[in-house]
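Chain and residue survey
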Amino acid sequence: MSARITLVRGDITRQRADALVNAANSSLLGGGGVDGAIHRRGGPDILADCRRLRASHYGKGLPTGQAVATTAGRLDAHHVIHTVGPVWSPTEDRSDLLASCYRESLRVAAGLGARTVAFPAISTGVYRWPLDDAARIAVDAVRGALAAGPEGAGAVARDLDEVRFVLFDEVAYRAFDEALAARG
Ligand code: APR
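Heads up: these notes are all about the structure in this document. (Residues numbered from 1 in each chain as written. Predicted model: local features only at pLDDT ≥ 70, side-chain atom pairs only at ≥ 80, totals over all residues. Heavy atoms only, no water.)

1. Points about the environment of Ala 69
Formally: In this text, helices come from DSSP runs of H or I with a minimum length of four residues, and strands from runs of E with a minimum of two, each type numbered from the N-terminal end. For the exposure calls, accessible area comes from a 1.4 Å probe over protein chains only, and a residue counts as buried if that area is under 20% of its type's maximum, exposed if over 50%, partly exposed in between. Residue contacts follow a heavy-atom distance rule, with two residues in contact if any of their heavy atoms lie within 4.5 Å.
Assignment of secondary structure puts Ala 69 in strand S3 (residues 67-71). A relative accessible area of 26% places Ala 69 in the partly exposed class. For the pair Ala 69 and Ile 46, spaced 23 residues apart in the sequence, the C-alpha separation amounts to 9.7 Å. Setting aside chain neighbours within four positions, we find Ala 69 in contact with Leu 53, Val 80, Ile 81, Val 108 and Leu 112.

Listed below in structure tokens is the structure:
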């Protein structure tokens, strides 16, 4: 049975889930918005893990569209999955990079045996992606990953119970609600 997709209005750092997704930047060394909140409430163990990743597999930083997991520190979760969203561009279509953030985060979550994954609205803050378009891309990417056959991200469908979008304000909530409704 495929995972439920749910919407919650709130602060992702106060969510309980097996994995919380962070809207990080390539440095993995923190920032503002979701990134700042996750490191602030999650505590120094998250940054210590990020530093270890930079010192080993990600010497040049985490590329846009990719995802990597660390401890969740003091957050009510087992893992934080850091993903780097694309900065919105009026001239270049980076939609697939944004979709990749969701697909790759779900793939990493499935690999960790996570059953519940919570996402913020990636790229819609500092990275300025228009909310309605970002919501459409997010919903399509998650639905596609959950529906993919055993050859693709199918492992995701088997293990997940819930994919939760955690929206920080009413405007974002409405954008995701409409995207869910519009896409059947
Ligand atoms: N919980 C849930 N959503 C949040 C929270 C929170 N605590 N704080 C902010 N948001 C929302 C914002 O309102 C926005 O809709 O998350 C969305 C993503 O905003 P950002 O955190 O700015 O992320 P993004 O647009 O992907 O930009 C990433 O910002 O913080 C830096 O280090 C980060 O350089 C990276 C860039």
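Right, picking up where we left off after that structure.
2. Some thoughts on the site of the ligand
For the record, the criterion: We call a residue near a molecule or strand when any one of its heavy atoms sits within 4 Å of it. Throughout this description, a polar contact denotes any pair of N or O atoms lying within 3.5 Å of each other; where both atoms belong to protein, one of them has to be capable of donating a hydrogen while the other can accept it, and for residues adjacent in sequence the pair is counted only when both atoms sit in side chains. Three residue categories are used. Nonpolar comprises Ala, Val, Leu, Ile, Met, Phe, Trp, Tyr, Cys and Pro, charged comprises Asp, Glu, Lys and Arg, and polar comprises the others, including Gly.
The full set close to the ligand counts 21 residues, and Gly 32, Val 34, Asp 35, Thr 124 and Gly 125 are the nearest of them. In this structure, Gly 32 approaches the ligand through a main-chain N or O atom, which is 2.8 Å from an oxygen atom. Backbone polar atom of Val 126 to an oxygen atom of the ligand: 2.9 Å apart, as the coordinates give it. Contributions of two or more residues to the shell around the ligand are made by strand S2 (17-24) and helix H1 (33-42). Each residue belonging to the shell around the ligand can be placed in one class, and the counts come to 10 nonpolar, 9 polar and 2 charged.

3. Structural notes on the pattern of salt bridges
For clarity, the threshold we go by: One speaks of a salt bridge when a side-chain nitrogen belonging to Lys or Arg is within 4 Å of a carboxyl oxygen belonging to Asp or Glu.
The tally for this structure, following the rule as stated, stands at 11 salt bridges. Here Arg 4 ties to Glu 162 by a salt bridge, and the two come within 3.8 Å at their closest N and O atoms. Of this pair, Arg 4 sits in strand S1 (residues 4-9) while Glu 162 sits in strand S6 (residues 162-167), placing them 158 residues apart in sequence. Arg 52 is the salt-bridge partner of Asp 49, the closest N and O atoms lying 2.6 Å from each other. Taken together, the residues Asp 49 and Arg 52, both in helix H2 (residues 44-55) and 3 residues apart, mark about one turn of the helix. Bridged by salt links that share partners, the residues Arg 4, Glu 162 and Arg 164 form one connected network.

4. Focus: the side chain of Asn 22
With respect to the secondary-structure elements, Asn 22 resides in strand S2. The exposure class of Asn 22 is buried, given its relative accessible area of 0%. Within the structure, Asn 22 has its side chain in polar contact with the side chain of Asp 35 (distance 2.8 Å). In this view, Asn 22 contacts Val 34, Asp 35, Ile 38, His 39, Val 80, Ile 81, His 82 and Thr 83; residues no more than four positions away in its chain are not counted.

5. Here we look at the pairing of S6
Here is the rule: Here a strand pair is declared whenever DSSP counts at least two bridges between the two strands.
Among the 6 residues of S6, 6 are classified as buried, and the element is accordingly described as predominantly covered. Bridge analysis of S1 against S6 gives 6 bridges, and the strand direction is parallel. Pairing of Leu 7 across the sheet is with Phe 165, part of S6.

Read these as layout, nothing more, since geometry by itself doesn't imply function.
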